[in-house]
Amino acid sequence: MATTAEKLADLRARLDKAQDPGSERSRAKRDEAGRSTPRQRINALLDEGSFVEVGALGKTPGDPDAIYSDGVVTGYGRINGRPVCIYAHDKTVYGGSVGVTFGQKVCEIMDMAIKIGCPVIGLQDSGGARIQDAVTSLAMYSEISRRQMPLSGRSPQISVMMGKSAGGAVYAPVTTDFVIAVDGEAEMYVTGPAVIREVTGEDVTSAELGSARQQELNGNVSAVVEDEEEAFEMVRDLIDHLPLTCFDPSPTFDAPADEELLDDAALDSFMPDDTNAGYDMQDLLAQLGDDDELIEIQENFAPNLITAFGRIDGRTVGFVANNPMHAAGCIDADAADKGARFIRICDAYNVPLIFVVDTPGYLPGVEQERVGLIHRGAKLAYAVVEATVPKVSLIVRKAYGGAYAVMGSKNLTGDINLAWPTAQIAVMGSAAAVVMLAGKQLDAAETPEQRAMTKKMFMDFYDETMTSPYVAAERGFLDGMIRPAESRLALRQALRQLETKETFDLPKKHNIMPM
């Protein structure tokens, strides 16, 4: 019979083995590539010394050669003092593929997050389903996915893509709130190049098919970062901007005093005199919040619409802003999808929305109609109406047509609408209106010079009378016309007023999104 000392020694040996249980060959391959272990990754992300591992000695039942951890490290810890649950794939053990013990470990940690109410972070580096486990692997994927639904919108879920992930290993991450991909390392696809080549005859490299940059353009990634360190920094920043659950407040931070915001004169000269001149909306957003620190979501997907977290009055806000530097700030189908998803994330976690408006409308064109602008554009309007958080709109220049409505207008459930004197609010811009309203006069012009003069006269008249923001103000569609210099304080005061906002919906099971 073993002594207590021998039992303790046996435990130490098992735990030591479990720290990096992959084969010597697989560990050497990882080390040569300069990649860190899953525990190193977890410890780099969490507060020092806070990680508590769960299931370190788990292995596939009934297999005498089974390896500790079964391909995933799970546990809990803290980020800036706040609790999180976390799991990290281990590519050196069964390629990080999902087996029965793997699945049980991840489900256990997700169940803990559901019970206690905290974010779940997944460090993804998986080969997908464990083929030799057949239906068992698929069952475990389903068990993991089933737990994402009760967590969705209740506690933040964040995925960090750190290697090649295929099949089920990409379905689970894209169901989470945020997907961060490491450039040059992450690859995502449902079906890999070899299978595609065999089944369809198409020849494509894995990078062309699913690199981080390609998937960013496909709309499947929230952000692409340069390395693991930057990925972990973004995770920490997101956690700092979000609540533990939808029932908890987001963290608050120090903010400038009201007296410091009374007259931000630099904003008075921000807007170009030429109403068609481009400017970077990012520069404006950096001046509207407490500081210039923004977390932009899907930066390079549909860049004509900016979606970003920032802070006003020390509290998290979600900015939804048109960017005239791209497609003149028009809303296309991709931008509508991007905006709708971001709005729903903000609404789920009680993050107020700030719409900063400068858009000539929805993007016209045959291709936009083909890709479903009708129903995808409707989703953006639907998300705006569905959101019950405080909604403040600041119109800084153009607000035309349906795009005016969906960018937080009072008629589409916006709470407080403000405008700069540079705002232009109308059914359409003067260039389109001249065709609709003065087409006969243009056709009657005898020379190109007469046509150009007639067009300019009409457009100048239209801009001065039909697009004036004072028309909207007179009719009560604006709560206030403000100097740009007053914007920071005005946004702060609006959010304070709306802090106790409540809304009530008709009893029903759930809404039905547009097709």
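Below is a summary of the structure that appears in this document. Keep in mind that this is a model prediction, so the values were computed, not measured.

**Some remarks on the overall build of the chain**
Part 1 of the argument: For the chain, the helix and strand inventory stands at 20 helices and 17 strands.
Part 2 of the argument: Along the first, second and third principal axes, the C-alpha atoms of the chain reach 105 × 60 × 50 Å.
Part 3 of the argument: Counting across all 515 residues of the chain, residues that qualify as buried make up 51%.
Part 4 of the argument: Between the mean site of the 49 positive side-chain charges and the mean site of the 76 negative ones, the chain shows a separation of 6 Å.

**Notes on the pairing of strand 13 (residues 353–359)**
Put simply, side chains in a regular strand alternate between the two faces of the sheet.
Part 1 of the argument: Most of strand 13 is tucked away: seven of the seven residues are buried.
Part 2 of the argument: Burial along strand 13 is two-sided: Leu353, Phe355, Val357 and Thr359 and Ile354, Val356 and Asp358, pointing in opposite directions, are all buried.
Part 3 of the argument: The pairing of strand 13 with strand 14 (residues 391–400) spans six bridges and is parallel. Note that in strand 14 the partner of Val357 across the bridge is Ile395.

**Topic: helix 12 (residues 333–348)**
Part 1 of the argument: Helix length check: helix 12, at 16 residues, gives a terminal C-alpha distance of 23 Å against a target of 22 Å (1.5 Å per residue), a fit within 8%.
Part 2 of the argument: Buried residues of helix 12: Ala333, Ala335, Ala336, Lys338, Gly339, Ala340, Phe342, Ile343, Ile345, Cys346 and Asp347, and no others.
Part 3 of the argument: Here the buried face of helix 12 lies against strand 7 (178–182), strand 11 (305–312), strand 12 (315–322), strand 13, helix 13 (366–370) and helix 14 (373–386).
Part 4 of the argument: A positive backbone phi angle near 60 degrees is found at Asn350, which sits one or two residues after helix 12.

**Let's talk about the sheet that holds strand 5 (residues 157–161)**
Part 1 of the argument: If you trace the seven strands from one edge of the open sheet to the other, you get 1-2-3-4-5-7-9, paired in mixed fashion. Of all strands in the sheet, those with a lone pairing partner are strand 1 (52–54) and strand 9 (223–225), marking the two edges. The mean angle between the axes of side-by-side strands here comes to 20 degrees, regardless of whether they run parallel or antiparallel.
Part 2 of the argument: Relative to strand 3 (residues 82–89), strand 2 (residues 72–79) is paired through eight bridges, and the arrangement is antiparallel. When the bridges of strand 3 are listed, Val72 appears paired with His89.

Cut-offs and rules
Residues numbered from 1 in each chain as written. Predicted model: local features only at pLDDT ≥ 70, side-chain atom pairs only at ≥ 80, totals over all residues. Heavy atoms only, no water. Helix = DSSP H or I, 4+ residues; strand = E, 2+ residues; numbered from the N terminus. Buried < 20%, exposed > 50% of the residue type's maximum accessible area, 1.4 Å probe, protein only. Lys, Arg positive; Asp, Glu negative; His and termini not counted. Charge placed at Lys NZ, Arg CZ, Asp CG, Glu CD. Pairing = 2+ DSSP bridges. Expected span 1.5 Å × (residues − 1). Contact = heavy atoms within 4.5 Å. Axes fitted to C-alpha atoms, helices over the stretch in contact; angles between N-to-C directions.

In short, geometric facts, not functional conclusions.
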